[in-house]
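Examining the three-dimensional arrangement
Residues per chain are reported as follows:
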Amino acid sequence: MAKKLDRLELAKKLGANFDYQQAVIGCHDKYRTVRKARQIGMTTALGIESLLDAFMQDDYVICIISPTSRQSLRMMRYIKKAFRRFEKLTGSMIPTEKFTSEEIVFHHGSEIHSLPNNPAGIQGIDCNHAIIDEAGLFGQREGEDIIDAVVGSLSAKKGRLTISGKPKGKRGLLWQYWDTSSDRYKEFTHFTVTWKDRARQDKDYEKEVITHKRILSATQFEETYNAEFIDEGVLIFPHDILDASIALWKTNGFVVMPFEGNPESGRTYVGVDFGRKRDLTEIHVLKQEGKILRTLMMKSLVKMNFEDQKDVIDRMMTRVRPVRMVIDERGLGLALLDYFQKKYGESRVQPMKMSEQRSKERLILQCRNCITDLQLALPPNDELHEQMHSFQKEYTDHGNVRYFGKVDETDFMDDKVIALVAAVEAAQSKPFGFTIM
Ligand SMILES: Nc1ncnc2c1ncn2[C@@H]1O[C@H](COP(=O)(O)OP(=O)(O)O)[C@@H](O)[C@H]1O
Ligand SMILES: [Mg+2]
């Protein structure tokens, strides 16, 4: 008992002093899982716990697995920071045989390994405790591969397993341990840490979350800060779909060009969402590359007057020479449409009718289909990703479907999605008349 107390006291001194950090570190159950809000200090807590366990026991081997090497390096940085603090605290040097950015091997036989998603690397280590951090980011398939490898590496020593992360829909590795109907659920001790748990003990964090809340949709807030596994059924662009589109982007090695740049020739398409309520116009440029449409450029015109916006778009038309530009005609978009149709002709510049739900549905589903058919490669842009993920459908009392985006205090924040949807329409729609491109 005295030893356990010491361990918690030390953890506190090393920087894990929030009550939930203490609760997780104080739990000695064999199988633990944590679902947590963003930036709650769980990686920190698990790092400190690992250091203490490796230090206080002989020949104790810990494996920490993260989805990317960036995250596993970060975990090791946390551990090293705690290591230095620990030395300072005890006024002694802890002898190690290896001390790198991937592993610490102690003189007394204990080891800490921080590994990226790499089943083969895990299999080679017999460990006493495996920790999977950011488990929400592992998809079903790679999650299974990791679990297979981990179970193998734990079997010799009948080791512990901890699975922690931020929920990402009712899917993937983390969900399997939280789905009450799964067998895995029953074997684990569960911890839930929401933003309020930290906010109670940290006023700066509370302020930050309240600011962030204004720009998140309700569902997104539930997921990010209340650690809820949200039902993605109402979403048009759930994570799976967006991830596929980004994977397509990455495997092709695409880049977003600077907006002022001069694109090499090719078939390009432009979509414009002209600022309606907010002073913000979004432009999305797609380029056809073989069978794939990919983002070539994105630009936000913030608080720019009408004439200047016209100039920017005009210059872009000259440089990019798109096959077609589609403009959301709502609000002032109509004036813009009028100007550009006169200048470039009605076949090259076309309106997009979003005010009618039927055509809005067609346009949005067209964009979605493009992604599910693996024809649209989108860049890993957080804002675009967030806005798309927040896009929802709702059934009205009359049985009609209504589509809407992320809600903030004054407006639906769907500008980037609408510009993209317009660009896809520009690429997919058949030109009027007999214009030969
Ligand atoms: N007990 C604590 N007191 C103050 N700051 C903390 C504490 N624990 C963690 N932090 C800080 O909070 C931030 C998020 O911590 P991290 O462990 O990366 O969170 P998570 O893994 O939950 O996203 C980091 O800047 C970290 O240094
Ligand atoms: Mg973390």
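Residues numbered from 1 in each chain as written. Chains lettered and ligands numbered in written order. Predicted model: local features only at pLDDT ≥ 70, side-chain atom pairs only at ≥ 80, totals over all residues. Heavy atoms only, no water.

**Quick notes on the environment of F191**
Rule in force here: A run of H or I in DSSP counts as a helix once it spans at least four residues, and a run of E counts as a strand once it spans at least two, with each numbered from the N terminus. The contact criterion used is simple: two residues touch if any of their non-hydrogen atoms lie within 4.5 Å.
The topology assignment puts F191 in strand β8 (residues 189-193). With 68 residues separating them along the chain, F191 and F259 place their C-alpha atoms 46 Å apart. Filtering out sequence-adjacent residues up to four positions away, F191 remains in contact with A23, V24, C27, R32, T33, V34, R35 and W178.

**A look at the pairing of strand β6 (residues 129-132)**
Strand residues, when the strand is regular, have side chains that alternate between the two faces of the sheet. How we decide: Partly exposed describes any residue whose relative accessible area lies between the buried limit of under 20% and the exposed limit of over 50%, with all areas from a 1.4 Å probe on protein chains only and scaled to the type maximum. When DSSP finds at least two bridges between two strands, those strands are taken to pair.
The alternating pattern of β6 places H129 and I131 and A130 and I132 on opposite faces, both of which are buried. Inspection of the sheet shows strand β2 (residues 61-66) paired to β6 by 4 bridges, in the parallel sense. Across the sheet, I65 pairs through a bridge with I132, a residue of β6. Direction of pairing for β6 relative to strand β7 (residues 160-165): parallel, over a ladder of 4 bridges. Bridging from a neighbouring strand, I131 pairs with T162 of β7.

**Here's the deal with the sheet that holds strand β14 (residues 376-377)**
We apply this condition: To define axes, lines are fitted to C-alpha atoms, for helices over the stretch in contact only, and angles between the resulting N-to-C directions are given on a 0 to 180 degree scale.
The strand order across the open sheet formed by 6 strands is β13-β12-β9-β10-β11-β14, and the pairing between neighbours is mixed. One side of each edge strand has no neighbouring strand; the edge strands of this open sheet are β13 (349-352) and β14. Note: strand β11 (residues 292-302) against β14, 2 bridges, orientation parallel. Bridge assignment links R294 to a residue of β14, and that residue is A377. Packed onto the sheet, helix α14 (residues 333-344) meets β9 (268-273), β12 (324-328) and β13 and runs at close to 155 degrees relative to β13. On top of the sheet, helix α17 (residues 415-428) reaches β9, β10 (280-289), β11, β12, β13 and β14; it is set at about 145 degrees to β9, its chief contact.

**Some remarks on the packing of helix α13 (residues 306-320) against α14**
Short version of the rule: Should the near helix be turned counterclockwise from the far one by less than a right angle, the crossing is left-handed, whereas a clockwise turn marks it as right-handed. The classification used treats Ala, Val, Leu, Ile, Met, Phe, Trp, Tyr, Cys and Pro as nonpolar, Asp, Glu, Lys and Arg as charged, and all other residues, Gly among them, as polar.
Contact geometry for α13 and α14: axes closest at 11 Å, N-to-C directions at 35 degrees. Like other packed secondary-structure pairs, α13 and α14 cross with a definite hand, here right-handed. Contact with α13, carried on its side by F306, K310, I313, D314, M317 and T318, involves A335, L336, Y339, F340, K343 and Y344 of α14 and no other residues of that element. Of the residues in the contact of α13 with α14, the class split is 8 nonpolar, 1 polar and 3 charged.

**As for the pattern of salt bridges**
Pairing is possible between side chains of opposite charge, provided their charged atoms come close. Rule in force here: Here a salt bridge means any side-chain nitrogen of Lys or Arg lying within 4 Å of a carboxyl oxygen belonging to Asp or Glu.
As enumerated under the stated definition, the model contains 27 salt bridges in all. A salt bridge links E49 to R32; its shortest N-O distance comes to 2.8 Å. Placement of the pair is E49 in helix α3 (residues 42-56) and R32 in strand β1 (residues 31-36), with a sequence separation of 17 residues. Each member of the pair E49 and R32 is classed as buried. Among the salt bridges present, the one from K168 reaches D243, with a minimum N-O distance of 3.7 Å. Of this pair, K168 sits in the loop between β7 and α7 (172-176) while D243 is found in helix α12 (residues 239-251), placing the two residues 75 residues apart along the sequence. Looking at D243, the relative accessible area reads 29%, which means it is partly exposed.

**A look at the nonpolar core**
Formally: To define a nonpolar core, start from buried Ala, Val, Leu, Ile, Met, Phe, Trp, Tyr and Cys residues and group those joined through side-chain atoms within 4.5 Å.
Membership of the largest hydrophobic core comes to 42 residues, with the highest contact counts inside it found for M42, L51 and I112. Considering each element in turn, this core owes the most residues, 7 residues, to α3. Among residues more than four places away in sequence, those in contact with L51 are L14, I79, A82, F83, F86, F106 and I112. Residues I241, V326, C367 and F391 belong to the second largest nonpolar core, which totals 32 residues.

These figures come from the coordinates and say nothing about function on their own.
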